[in-house]
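Breakdown of the fold
The lines below spell out each chain.
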Amino acid sequence: MALTKADMAESLYEELGLNKREAKELVELFFEEVRMALGDANHVKLSGFGNFVLRDKTERPGRNPKTGEEIPISARRVVTFRPGQKLKQRVEAYAGSQQ
Amino acid sequence: MSEETNARSMMKSELIERIARKQSHLAYKDVELAVKSLLEQMSNALSSGERIEIRGFGSFSLHYRPPRSGRNPKTGDSVSLPGKHVPHFKPGKELRERVNDSMKKE
């Protein structure tokens with residue numbers, strides 16, 4: 001079981017009284033705006049949840065795992081997620097199975 | 001080697017404004033409540049051990065950190081730290097590509 005966009009839209013419909021179309025559009029826009037900001041080279045900071053942080057990585061040596069052939073891994077920009085204090089504390093308290 | 005880019009940040013308030021501008025039939029207050037609800041739903045899912053899967057954006061899951069012994073930095077005493085879960089985000093293909101393309105445009 002995983003939380004999906006459809007589940008999130010359903011909750012907006014039930015909790016906030018948005019109609020189903022509005023709820024679906026809002027969920028789509030939420031992820032699209034975060035993706036656009038990151039794609040425009042902005043960090044995204046959502047207090048209470050966490051920060052999406054962009055990092056530039058320099059080229060480094062790599063290997064094709066199948067052939068063992070050496071190939072450089074090119075310089076690239078990546079997005080990392082740093083959970084906020086509040087989310088970290090809530091998740092730490094989860095005592096479920098070790099994954 | 002990797003370093004944080006020298007970029008500006010979009011904060012939650014700006015995200016709400018941007019969505020509200022595109023959903024002009026909704027009151028700003030409703031968009032604000034909706035964004036807060038979405039973040040709360042995501043936090044709730046993770047803190048009950050549930051994954052989040054958003055196609056084109058990425059997935060959130062929990063990683064387990066086993067118990068280890070650490071030290072109290074003040075006294076130097078050894079303390080045992082219990083195992084815990086930490087949130088982990090894996091960006092989806094589309095997000096990875098858009099982020100990497102932003103470097104090529106600079």
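Every residue gets a number counted from 1 within its own chain, in the order that chain's sequence is written. Chain labels run from A onward and ligand labels from 1 onward, assigned in the order the entries are written. The predicted nature of this model means local features are confined to residues of pLDDT at least 70 and side-chain atom pairs, given and counted, to a pLDDT of 80 or more, with totals for whole chains, interfaces and linings taken over all residues. Only hydrogens and water are set aside when side-chain values are computed; all heavy atoms of the structure are taken into account.

Here we look at the sheet that holds strand E1 (residues 2–3) of chain A
Strand pairing is defined by DSSP finding a minimum of two bridges between the two strands. Here a strand is any run of E in DSSP of at least two residues, a helix any run of H or I of at least four, and the numbering for each starts at the N terminus. If you walk across this open sheet you meet the 4 strands as E1(A)-E3(B)-E4(B)-E7(B), and the pairing is mixed. Both edges of this open sheet fall to E1 of chain A together with strand E7 (84–91) of chain B, since each of them pairs with a single strand only. Relative to strand E4 (residues 58–65) of chain B, strand E3 (residues 51–54) of chain B runs antiparallel, the two sharing 3 bridges. Residue pairing in the sheet places Ile52(B) in a bridge with Phe60(B) of E4(B). Contacts are residue-level and defined by heavy atoms, with any inter-residue pair within 4.5 Å sufficient. Only C-alpha atoms enter the line fits that serve as axes; for helices the fit covers just the stretch in contact. Angles between N-to-C directions range over 0 to 180 degrees. Of the strands in this sheet, E4 and E7 of chain B touch helix H3 (residues 85–92) of chain A, which is tilted by about 125° from E7(B).

Let's talk about unusual backbone geometry
Despite not being glycine, Ala41(A) shows a phi value in the positive range, around 70°. Considering the arrangement of structural elements, one finds Ala41(A) in the loop between helix H2 (20–39) and strand E2 (43–46).

Here's the deal with the interface of chain A and chain B
Chain A puts 60 residues into the contact, and the matching count from chain B is 62 residues. Buried area is a sum: the accessible area each of two parts loses on coming together, probed at 1.4 Å, counted once for each and added. Per-residue buried area on chain A facing chain B is highest for Leu3(A), Arg35(A) and Arg77(A); these three make up 12% of the total on that side. We define a salt bridge as a side-chain nitrogen of Lys or Arg found within 4 Å of a carboxyl oxygen belonging to Asp or Glu. Inspection of the region where chain A meets chain B yields 6 salt bridges. Two residues, Glu40(B) and Arg90(A), come together in a salt bridge whose shortest N-O distance is 3.3 Å. In protein, a polar contact means a hydrogen-donor-capable atom and an acceptor-capable atom, both N or O and within 3.5 Å, with residues adjacent in sequence counting only if both atoms are side-chain atoms; elsewhere, any N or O pair within 3.5 Å suffices. For the pair chain A and chain B, the interface holds 26 residue pairs in polar contact (both at pLDDT 80 or more). For the side of chain A that touches chain B, the elements supplying multiple residues, two or more each, are E1, helix H1 (5–16), H2, E2, strand E3 (50–57), strand E6 (76–83) and H3 of chain A. The element that contributes the greatest number of residues to the side of chain A that touches chain B is H2(A), accounting for 15 residues. The pairing of E3(A) with strand E1 (residues 2–4) of chain B spans 3 bridges and is classified as antiparallel. What sits directly across from Arg55(A), in E1(B), is Glu4(B).

A short note on the environment of Pro72(A)
All names here are of chain A. Within the secondary structure, Pro72 is located in strand E5 (residues 70–73). According to the relative accessible area criterion, Pro72 is exposed, its value standing at 55%. It is 5.8 Å that separates the C-alpha atoms of Pro72 and Arg60, two residues lying 12 residues apart in sequence. Ignoring sequence-local partners within four residues, the contact set of Pro72 consists of Glu59, Arg60, Pro61 and Gly62. Exposure is judged per residue with a 1.4 Å probe applied to protein chains only, and the accessible area is read against the type maximum: over 50% gives exposed, under 20% gives buried, and values in between give partly exposed.

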